[in-house]
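Coordinate analysis (summary)
Below, each chain spelled out in residue letters.
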Amino acid sequence: MPLAHAILGDEFNLVFCHTLEAAYAAIGDDVAAVVCGVHFAEGSVFELLQFVRSKPTAGKLPFFILLDTKGRYHYSPAIVHGLRAAAKALGATQFTDLGSLAEKVGKDEAAEVLRRGLREVIAAQGS
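Residues numbered from 1 in each chain as written. Predicted model: local features only at pLDDT ≥ 70, side-chain atom pairs only at ≥ 80, totals over all residues. Heavy atoms only, no water.

**Details of the overall build of the chain**
Summing up its helical and strand segments, the chain has six helices and three strands in all. Each helix (α) and strand (β) of the chain, taken in turn from the N terminus, gives the series α-α-β-α-β-α-β-α-α. Taken against the 2.2 N^0.38 rule, which gives 14 Å for 127 residues, the C-alpha radius of gyration of the chain at 14 Å falls within 12% of a compact globule. Reported as C-alpha extents along the three principal axes, the dimensions of the chain are approximately 35 × 30 × 25 Å. (Helix = DSSP H or I, 4+ residues; strand = E, 2+ residues; numbered from the N terminus. Rg over C-alpha atoms; globule rule 2.2 N^0.38 Å.)

So, in structure tokens, the structure goes:
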């Protein structure tokens with residue numbers, strides 16, 4: 001949770017869920033977007049994505065999937081490619097490798113890129 005606050009700041013009203021069931025229950029009409037790490041609930045990110053996409057009211061919610069290949073997990077490029085392809089195939093709005101992005105543009109700018117993307121899709125929903 002501290003990492004999520006560091007990345008997303010106080011700009012967004014965040015709801016944290018640690019289980020798939022809690023996430024299912026939290027997806028309601030007042031949710032503007034879903035941001036989920038690849039490791040959420042022992043790798044249930046794709047189950048959550050499928051659940052969101054299957055709902056008539058929540059099906060269009062922006063869904064951001066985050067991975068950090070520079071943190072405690074180290075993945076081969078083939079694994080990252082597979083995760084990215086699965087995210088795209090299942091309808092994720094964006095798949096972001098935060099570690100790679102931070103390596104390219106710096107940690108602060110990587111967080112800003114994510115926040116900017118969230119702002120843009122949330123604003124587009126309101127249009």
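On we go from here.
**Regarding the side chain of Asp97**
Relative to the helices and strands, Asp97 is located in strand β3 (residues 94-97). No salt bridge is formed by the buried Asp97. Its closest oppositely charged neighbour is Arg84, at 5.3 Å. Looking at Asp97, its side chain comes within polar contact range of the main-chain nitrogen of Gly99, at 3.2 Å. Excluding residues that lie within four positions of it along the chain, Asp97 makes contacts with Leu67, Asp68, Thr69 and Arg84. (Buried < 20%, exposed > 50% of the residue type's maximum accessible area, 1.4 Å probe, protein only. Lys, Arg positive; Asp, Glu negative; His and termini not counted. Salt bridge = Lys/Arg side-chain N within 4 Å of Asp/Glu carboxyl O. Polar contact = N/O pair within 3.5 Å; in protein donor to acceptor, adjacent residues only side chain to side chain. Contact = heavy atoms within 4.5 Å.)

**A short note on the nonpolar core**
Taken as a class, soluble globular proteins show a tendency for nonpolar side chains to be buried jointly. Within the largest apolar cluster, 23 residues are counted, with the highest numbers of intra-cluster contacts made by Val34, Leu48, Val52, Phe63, Ile65 and Phe95. Among the elements of the structure, α2 (20-26), β1 (34-37), α3 (45-54), β2 (63-67) and α4 (77-89) are those that each provide at least two residues to this core. It is α3 that provides the largest number of residues to this core, a total of six residues. Phe12, Leu98, Ala111 and Leu118 belong to the second largest nonpolar core, which has nine residues in total. (Core = buried A, V, L, I, M, F, W, Y, C linked by side-chain atoms within 4.5 Å.)

**Details of unusual backbone geometry**
Located in the positive-phi region is Ala41, a residue other than glycine, with phi close to 45 degrees. Topologically, Ala41 is positioned in the loop between β1 and α3. Under the relative-accessibility criterion, Ala41 is labelled partly exposed at 22%. The phi angle at Glu42 is positive, at roughly 60 degrees, despite the residue not being glycine. Relative to the helices and strands, Glu42 resides in the loop between β1 and α3.

Keep in mind that these numbers describe shape and distance, not what the molecule does.
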